[in-house]
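Letter by letter, the chains look like this.
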Amino acid sequence: MTKIESLASARRKAVNISQENLIKTEFLQPGTNFPLVIKPSIKGVNLQNWAENNREFLKAELLEYGAILFRDFKVKSVEELEQIIAAICGEAMEYRYRASPRTQVGGRIYTSTDYPAEQSIFPHNEHAYSPTFPLKIFFFCLTPAQSGGETPIGSCRKVFERIDPKIRDRFIEKKVMYMRNFGDGFGLPWQTVFQTTDKTKVKEYCQSNGIEVEWKQGDRLRTRQVGPAVIKHPQTGEMVWFNHATFFHVSTLEPTVRDSLLTNLKEEDLPTNTYYGDGSPIEPSVLAHLREAYQQEMVTFSWQKGDVLMLDNMLSIHARKPFVPPRKILVGMAQPYSP
């Protein structure tokens, strides 16, 4: 090795060591390992630059833990969030085939969910009902709530273990049917969900993704689609409980919301509802069991201004607690995947 090559090698090693020394890892509570928390070990560490230099490290840690909370990096803007997403896993993806009301705040960054502050949101994987979903989802705390407003997260691995094997096998065999209705005065209009006013484009999207379309009177739309309850993780190869069977079912809604919908609509006209893949009803006892499996695995922490939470969307679920405004949690999704 020449003197120049030796110096270059030493310089590379020094850079690698300094990169590692820029951060420290820990957990939120003793005796737990979910989520992993990464903090700067010295002042002034730029999360975007550090992440760009440590992609493989972050990829491995995320696959192991399922969730990473970046704290104390002093992230301040939508633009920074977009740059962090790009540094870790490429360009953020557009929010398409929507299920919840969100406001686009810049680029492909959105408000997390625009449901009323007094409502909670049940644990779920993002877009688990969709033919294409993000493998990664990022949450960014621009303004923590005065009180409440936490985003509880849970390990899908542990949820999977909690579910009765007989129930898992039944869903694996039968799959899940999602029924959605648009234009009945509740939920999102189809123009927002499909991001178009052209019925032909809606039809083309649905046909290409195995979604049954039924146009009703008054420019209203009903769709049905059958999807898997369990799918294989593309990196780890493990089987993952990944569906909206519980989240979309009318019985999971908060009682006041559920009662209002059932008073005003027939079951077949509900904004969302789920069945077994053959169209038969999911038993109330099964739904109660699934809700319990989700809720038992949730980890709650208080947001701090500037926090960035990165989830492997197949290995982690997320939810929302009611809150006292103001609260501004933004979200970006990345790495679209179609099993």
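Residues numbered from 1 in each chain as written. Predicted model: local features only at pLDDT ≥ 70, side-chain atom pairs only at ≥ 80, totals over all residues. Heavy atoms only, no water.

## Some remarks on the environment of Phe139
And step 1. Inspection of the secondary structure assignment puts Phe139 in strand β8 (residues 133–143).
And step 2. Under the relative-accessibility criterion, Phe139 is labelled buried at 4%.
And step 3. When residues no more than four places from it in sequence are discounted, the contact partners of Phe139 are Ser112, Trp303, Asp307, Val308, Leu309, Leu311, His318, Ile329, Leu330 and Val331. (Helix = DSSP H or I, 4+ residues; strand = E, 2+ residues; numbered from the N terminus. Buried < 20%, exposed > 50% of the residue type's maximum accessible area, 1.4 Å probe, protein only. Contact = heavy atoms within 4.5 Å.)

## Some points on the packing of aromatic side chains
And step 1. Counted by the stated rule, this structure contains 16 aromatic pairs.
And step 2. Seen from their ring centres, Phe171 and Trp241 are 5.5 Å apart, and the 90° between their planes marks the pair as edge-to-face. With Phe171 in helix α6 (residues 165–174) and Trp241 in strand β15 (residues 239–241), this pair connects stretches of sequence that are 70 residues apart.
And step 3. Looking at Phe171, the relative accessible area reads 0%, which means it is buried.
And step 4. Relative to Tyr276, the ring of Phe171 lies with its centre 5.0 Å away and its plane at 45°, an arrangement referred to as tilted. With Phe171 in helix α6 and Tyr276 in strand β16 (residues 272–276), this residue pair connects regions lying 105 residues apart in the sequence.
And step 5. Exposure remark for Tyr276: the relative accessible area of 1% places this residue in the buried category.
And step 6. Taken together, the ring pairs connect Tyr129, Tyr178, Phe247 and Phe248 into an aromatic cluster.
And step 7. It is Lys199 that lies over the ring of Trp215; its NZ or CZ is 4.5 Å from the centre. (Phe/Tyr/Trp six-rings, centres within 6.5 Å; stacked < 30°, edge-to-face > 60°. Lys NZ or Arg CZ within 6 Å of the ring centre and 35° of its normal.)

## Considering the packing of α6 against helix α10 (residues 284–296)
Packed helices, taken two at a time, are described by the angle between their axes plus the distance between the axes.
And step 1. Close contact between α6 and α10 brings their axes to 11 Å; oriented N to C, the two are set at 110°. In terms of their interaxial angle, α6 and α10 are classed as roughly perpendicular. Of the residues in α10, those in contact with Ile167, Arg170 and Phe171 of α6 are Val286, His289 and Leu290.
And step 2. In terms of residue class, the contact of α6 with α10 is built from 4 nonpolar, 1 polar and 1 charged. (Axes fitted to C-alpha atoms, helices over the stretch in contact; angles between N-to-C directions. Parallel < 35°, antiparallel > 145°, perpendicular 65-115°, else oblique. Nonpolar A, V, L, I, M, F, W, Y, C, P; charged D, E, K, R; others polar.)

## Examining the sheet that holds strand β13 (residues 220–227)
And step 1. Here we have 4 strands laid out as an open sheet, ordered β12-β13-β11-β16, and antiparallel in their pairing. At either end of the open sheet lies a strand with only one pairing partner, and these are β12 (212–216) and β16. Going from strand to strand, the sheet's axes swing by 20° on average, the running direction of each strand aside.
And step 2. In terms of strand pairing, strand β11 (residues 176–182) meets β13 through 7 bridges, oriented antiparallel. Counted as the bridge partner of Arg180 is Thr223 from β13. (Pairing = 2+ DSSP bridges.)

## A few points about the state of the cysteines
In protein chemistry, a disulfide is the covalent bond that joins the sulfur atoms of two cysteines.
And step 1. By the definition in use, this model includes 0 disulfides.
And step 2. Cys156 supplies the cysteine sulfur nearest to Cys89, a cysteine that is in no disulfide, at a spacing of 17 Å.
And step 3. Cys89 sits in the buried class, given a relative accessible area of 12%. (Disulfide = S-S within 2.5 Å.)

## What to know about the side chain of Asn273
And step 1. Among the structural elements, Asn273 can be located in strand β16.
And step 2. A polar contact of 3.1 Å, which involves the side chain of Asn273, links it to the backbone nitrogen of Val250.
And step 3. In this structure, Asn273 is in contact with Met177, Tyr178, Met179, Phe248, His249, Val250 and Glu267, ignoring residues within four places of it in sequence. (Polar contact = N/O pair within 3.5 Å; in protein donor to acceptor, adjacent residues only side chain to side chain.)

## Digging into the confidence of the model for the protein chain
And step 1. Of the residues in the protein chain, 94% reach a pLDDT of 70 or more, and the chain-wide mean stands at 93.
And step 2. The model gives residues 1–17 a pLDDT under 50, and that stretch makes 1 contact with residues more than four places away or in other chains. (pLDDT = per-residue confidence, 0-100.)

## Quick word on the pattern of salt bridges
And step 1. All told, the structure shown has 16 salt bridges when counted by the stated rule.
And step 2. We note a salt bridge from Glu126 to Arg102, for which the minimum N-O separation is 3.2 Å. Here the residue Glu126 occupies a position in the loop between β7 (121–124) and β8, and Arg102 occupies one in the loop between β4 (92–93) and β5 (104–106), the gap between them amounting to 24 residues. Here the two residues Glu126 and Arg102 agree in accessibility, since each one is buried.
And step 3. Residues participating in the shared-partner salt-bridge network are Asp184, Glu212, Glu214, Lys216, Arg220, Arg222, Arg224 and Asp269. (Salt bridge = Lys/Arg side-chain N within 4 Å of Asp/Glu carboxyl O.)

## Digging into the nonpolar core
And step 1. Grouped together as the largest cluster of nonpolar side chains are 43 residues, with contacts concentrated most on Phe171, Phe194 and Trp241.
And step 2. Sort the elements by how many residues they give to this core and α10 lands first, with 5 residues.
And step 3. Counting 30 residues, the second largest nonpolar core, distinct from the first, contains Leu36, Ile38, Val45 and Phe140. (Core = buried A, V, L, I, M, F, W, Y, C linked by side-chain atoms within 4.5 Å.)

## Observations concerning helix α4 (residues 78–89)
And step 1. An ideal rise of 1.5 Å per residue puts 16 Å on 12 residues; α4 measures up with 17 Å between its terminal C-alpha atoms.
And step 2. Within α4 the residues assigned to the buried category are Val78, Leu81, Ile84, Ile85, Ala87, Ile88 and Cys89.
And step 3. The first or second residue beyond α4 is Gly90, which carries a positive phi of 90°. (Expected span 1.5 Å × (residues − 1).)

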